[in-house]
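Observations on chain architecture
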Amino acid sequence: MGRTSKLLAATGAIALMFASSGQALAATAAGTSVTNTVYVDYQVNGIAQTQQQASNTFVVDRAIDLTVAEVGTTTTQVTPGQLTAVTTFDVTNLSNATIDALLSTAQLSGGTAAHGGTDTFDGSNIKIWVDNGDGVFNSTTDTQVAYIDQLAANSTTRVFVTVDIPLNAVTGDVAGVTLTA
């Protein structure tokens, strides 16, 4: 095998090693110790030299990766003066560790709302609730929160945002409310 062929084979093997190691580390839990070891065999003027080896250990850091997605693809329909209008979200922890997720809401101030329409009013009495596991909002069984406690890696929690609609809202008015984790 010529020098160029050997170099290409070595480069291909190294590229394959990096490609596969990147995928493996993405699923590695935070706090895990990982040791990388390299071995080098080489020749000088055709004479085999003593194999060289080196190792390095590191601890996988916690990676924070959350998604917040509104459940459904249509605007929540409300009526003027309605108390506790509900919009539903799923918060998913794509991180490599269990985390607490601080939650906050914001109201759009003009501009286009998520499902279209121009934001024309704000609701009041906004509250955030974590579902009790049944997927249906119920103020007596769900828990009002400011954060999700101990959201496990690769898990999803259903969250409800409730808002009171002002009495002066009219048909066609739009209020954009967002949830951030």
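Below is a short write-up of the structure. (Residues numbered from 1 in each chain as written. Predicted model: local features only at pLDDT ≥ 70, side-chain atom pairs only at ≥ 80, totals over all residues. Heavy atoms only, no water.)

Considering the pattern of salt bridges
Across all of its chains, the model carries one salt bridge by this definition. Residue arginine 158 pairs with aspartate 90 through a salt bridge whose shortest N-O separation is 2.7 Å. Here arginine 158, found in strand 12 (residues 155-164), pairs with aspartate 90, found in strand 6 (residues 85-93); they are 68 residues apart in sequence, far enough to count as distant. On the basis of relative accessibility, which here comes to 24%, the residue arginine 158 falls in the partly exposed class. (Salt bridge = Lys/Arg side-chain N within 4 Å of Asp/Glu carboxyl O. Helix = DSSP H or I, 4+ residues; strand = E, 2+ residues; numbered from the N terminus. Buried < 20%, exposed > 50% of the residue type's maximum accessible area, 1.4 Å probe, protein only.)

Quick look at the side chain of asparagine 96
Tracing the backbone shows asparagine 96 in the loop between strand 6 and strand 7 (99-102). At 3.1 Å, the side chain of asparagine 96 and the backbone oxygen of aspartate 61 are in polar contact. A distance of 2.8 Å separates a polar side-chain atom of asparagine 96 from the backbone nitrogen of alanine 63. Setting aside its immediate chain neighbours within four residues, asparagine 96 contacts Thr28, Ala29, Ala30, Val60, Asp61, Arg62, Ala63 and Ala153. (Polar contact = N/O pair within 3.5 Å; in protein donor to acceptor, adjacent residues only side chain to side chain. Contact = heavy atoms within 4.5 Å.)

Digging into the environment of threonine 74
Following the sequence through the fold, threonine 74 ends up in the loop between strand 5 (66-70) and strand 6. Residue classification places threonine 74 among the exposed positions, given a relative accessible area of 56%. Sequence spacing of threonine 74 and alanine 114 is 40 residues, and the spatial spacing of their C-alpha atoms is 8.9 Å.

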